[in-house]
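# Structural characterization, general
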Amino acid sequence: MISPQEKQYIEFELNQWLMSDKRNKQVKGVEYYNGRHDILKKTRQMKDPDGKVMDMSNLPNNQIVTNLVCLAVDQKSNYLFAKPLSITTENKTYRKHLDAIFNPKFMRNFKSLGKGAISSGLGWLYPYVEDGELKFKRLPATEILPFWKDADHTELNYAVRYYTVQEPMSVTTTEKVEIFT
């Protein structure tokens, strides 16, 4: 259970993280991978006689996006994750259980995790048990704020997941926060 002081601390850190340069770079990396480059927001401008900058609506403003970021990320992830994991053990029962966990579905998820890690600098894989079966969920780095126990970042104290959900049959979105202890 999280104390009220910890909750207040988490809320402060979350607000700092949402405005941080590190998270903005992660979001920009994902945006560039998805083809939403900064050039698409640029407009042609000029100064009017008074010296104020104004948009030139009478001139064409064509932008061509050649998404080389997507190509580079895909190329790197295809190179790194092309081969399946090789598991060697002499215990056949143990091998059978490991093959059930590290199946093709896991490998697709792992490759997707790699793409996210390349484009945003970090990746998170969340293990959970559902119906007695071990499953994995990839969480985007732009949604996870880790709180580490140690300075070497080898052990997590807890993690906070911040994400938005669009309401069904509506245009409004709801902000959600989950704390994983």
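See the structure shown above.
Now for a look at the structure at hand. Keep in mind it's a predicted model, so treat the numbers as computed, not measured. (Residues numbered from 1 in each chain as written. Predicted model: local features only at pLDDT ≥ 70, side-chain atom pairs only at ≥ 80, totals over all residues. Heavy atoms only, no water.)

## Looking at unusual backbone geometry
Unusually for a residue other than glycine, Asp131 sits at a positive phi of about 55 degrees. Looking at the element boundaries, Asp131 is found in the loop between β3 (124–130) and β4 (133–139). Unusually for a residue other than glycine, Met169 sits at a positive phi of about 60 degrees. The residue Met169 is located in the loop between β6 (156–166) and β7 (173–180) in this model. For Met169, a relative accessible area of 87% puts it in the exposed group. (Helix = DSSP H or I, 4+ residues; strand = E, 2+ residues; numbered from the N terminus. Buried < 20%, exposed > 50% of the residue type's maximum accessible area, 1.4 Å probe, protein only.)

## Comments concerning the sheet that holds strand β5 (residues 144–148)
One open sheet holds the three strands; their spatial order is β5-β6-β7, and the pairing between them is antiparallel. Either end of the sheet is taken by a strand with one partner, and the two such strands are β5 and β7. Going across the sheet, the axis of each strand differs from the next one's by a mean of 15 degrees, ignoring polarity. Relative to β7, β6 is paired through eight bridges, and the arrangement is antiparallel. Residue Arg161 lies in a different strand from β7, and its bridge partner there is Glu178. Each of β5, β6 and β7 touches helix α1 (residues 4–18); the most contacted strand, β6, lies at about 60 degrees to it. (Pairing = 2+ DSSP bridges. Axes fitted to C-alpha atoms, helices over the stretch in contact; angles between N-to-C directions. Contact = heavy atoms within 4.5 Å.)

## Describing helix α5 (residues 104–120)
Taking 1.5 Å per residue as the helical rise, α5 with its 17 residues ought to reach 24 Å, and the 24 Å between its terminal C-alpha atoms agrees with that figure. Turning to α5, its buried residues are Phe106, Met107, Asn109, Leu113, Gly114, Gly116, Ser119 and Ser120. The elements touched by buried residues of α5 are α2 (21–33), α3 (68–80), α4 (92–101), β3 and β4. After α5 finishes, the residue Gly121 shows a positive phi value of roughly 85 degrees. (Expected span 1.5 Å × (residues − 1).)

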